[in-house]
Amino acid sequence: MIRTLTGLIIVLVLGAVAAAVIPEMQMREELQGVGYSYVSRGMDDTGSSNLVTAVIVAYRGLDTLGEVVVLFCASTAVVLILTLYPIGIKASEPSRVVAFTAKVLPAPILLFGVYFIAHSHISPGGGFPGGTVIASVFLLVMLGSSSVPDGRGRLPAIESLAGLSFGLLGFWGIMTVGQFLNNAFLGTGTPGTIVSGGLIPLISIAIGAKVASEFSGVFKAFRNTGGTV
Amino acid sequence: MTETLMTVIVVTFGGMMITAAIAVLFVRDLLSAIIITGFVSLSASVMFLLMDAPDVAITEASIGAVLATMIFLWGRGKIGGDG
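This write-up is about the structure you can find in this document. (Residues numbered from 1 in each chain as written. Chains lettered and ligands numbered in written order. Predicted model: local features only at pLDDT ≥ 70, side-chain atom pairs only at ≥ 80, totals over all residues. Heavy atoms only, no water.)

Brief notes about the overall build of chain A
Moving on, step 1. For chain A, the count of helices and strands is nine helices and zero strands.
Moving on, step 2. Secondary structure elements in chain A, listed N-terminal to C-terminal, are α-α-α-α-α-α-α-α-α.
Moving on, step 3. Principal-axis analysis of the C-alpha atoms gives chain A an extent of 55 × 50 × 35 Å.
Moving on, step 4. Counting only residues that meet the buried cut, chain A has 38% of its 229 residues in that class.
Moving on, step 5. In chain A, of all internal contacts separated by at least 6 residues, the share reaching a separation of at least 24 is 71%. (Helix = DSSP H or I, 4+ residues; strand = E, 2+ residues; numbered from the N terminus. Buried < 20%, exposed > 50% of the residue type's maximum accessible area, 1.4 Å probe, protein only. Contact = heavy atoms within 4.5 Å.)

Some words on the interface of chain A and chain B
Where the parts come together, the accessible area they lose is often given as the size of the interface.
Moving on, step 1. Each side of the interface is counted separately: chain A has 20 residues, and chain B has 15 residues.
Moving on, step 2. Note on chain A versus chain B: buried area summed over both sides is about 1,700 Å², and carbon and sulfur give 87% of it.
Moving on, step 3. When residues of chain A are sorted by the area they lose upon contact with chain B, A:Thr4, A:Ile89 and A:Phe222 head the list and together hold 23% of the total.
Moving on, step 4. Our count for the chain A to chain B interface comes out at one residue pair in polar contact (both at pLDDT 80 or more).
Moving on, step 5. Counting only elements with at least two residues in the side of chain A that touches chain B, the list comes to helix H1 (2–21), helix H6 (106–118), helix H7 (127–144) and helix H9 (200–223) of chain A.
Moving on, step 6. No other element matches the seven residues that H7(A) contributes to the side of chain A that touches chain B. (Buried area = accessible area lost by both parts, 1.4 Å probe. Polar contact = N/O pair within 3.5 Å; in protein donor to acceptor, adjacent residues only side chain to side chain.)

So, to be careful, I would describe these as geometric facts and stop short of saying anything about function.
Structural data, given as structure tokens:
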């Protein structure tokens, strides 16, 4: 009871702080500074009609690379701990509903995830969300079968390859125009078409493959009963 | 979508989210608490969609509502059911 009340009090205090701060926030009607620059020049600079992806992958590509490294460290740590001290969540026999869902839904969800990644420069999407959608397909298939999936060595290989290609795509910019993660040296194409946005689609695919294989590896590690990953 | 309808939907979902978030503290069963946490995430993703952020909505739905819930469930399995 004390723990419940403590939690409630913390939530109420946080709510009071938010209620006090939010009216003081000034909502700007017009964009200023770097935000204005991104919105007004973004499409010409990057050839991406999705400005969110343009900022994440092109303008702030270095930050995204750092984010990918952080995710890599986190997933490596989780998999390492679960390998040394295996939990070995038992693969119980799936119920009929789960088994049927795991047969029917993976293909459409997988297609959606791939679409989400491949069209990240045209419509709302991106490597991170698309990768998690693909990882959820892996999870669904895993829940639908009573056996432990065997992807020994392949998931880490995809993960490493995707991370490496992100870095190499960055270095490609250094080799050609002398700028790391330069987006536009291949030409940006017509915004709104599938082959546009310079390097953005390629980097999105790399991020998507990396995130998908990382999360899948973490899920697989939960089922790990000992032995090699 | 009209302004009034939008307000009604946002207030409804916001109210459900707050109610569910408080309910998590008071339910006895750990399984119920996990499912309600997943519901809060799913409502948050609907809110993101209403605020014209479909990519954030997808991220919240897949990470918050599916992957995090699953990891909580496995954690519950590890510590042995009711707690």
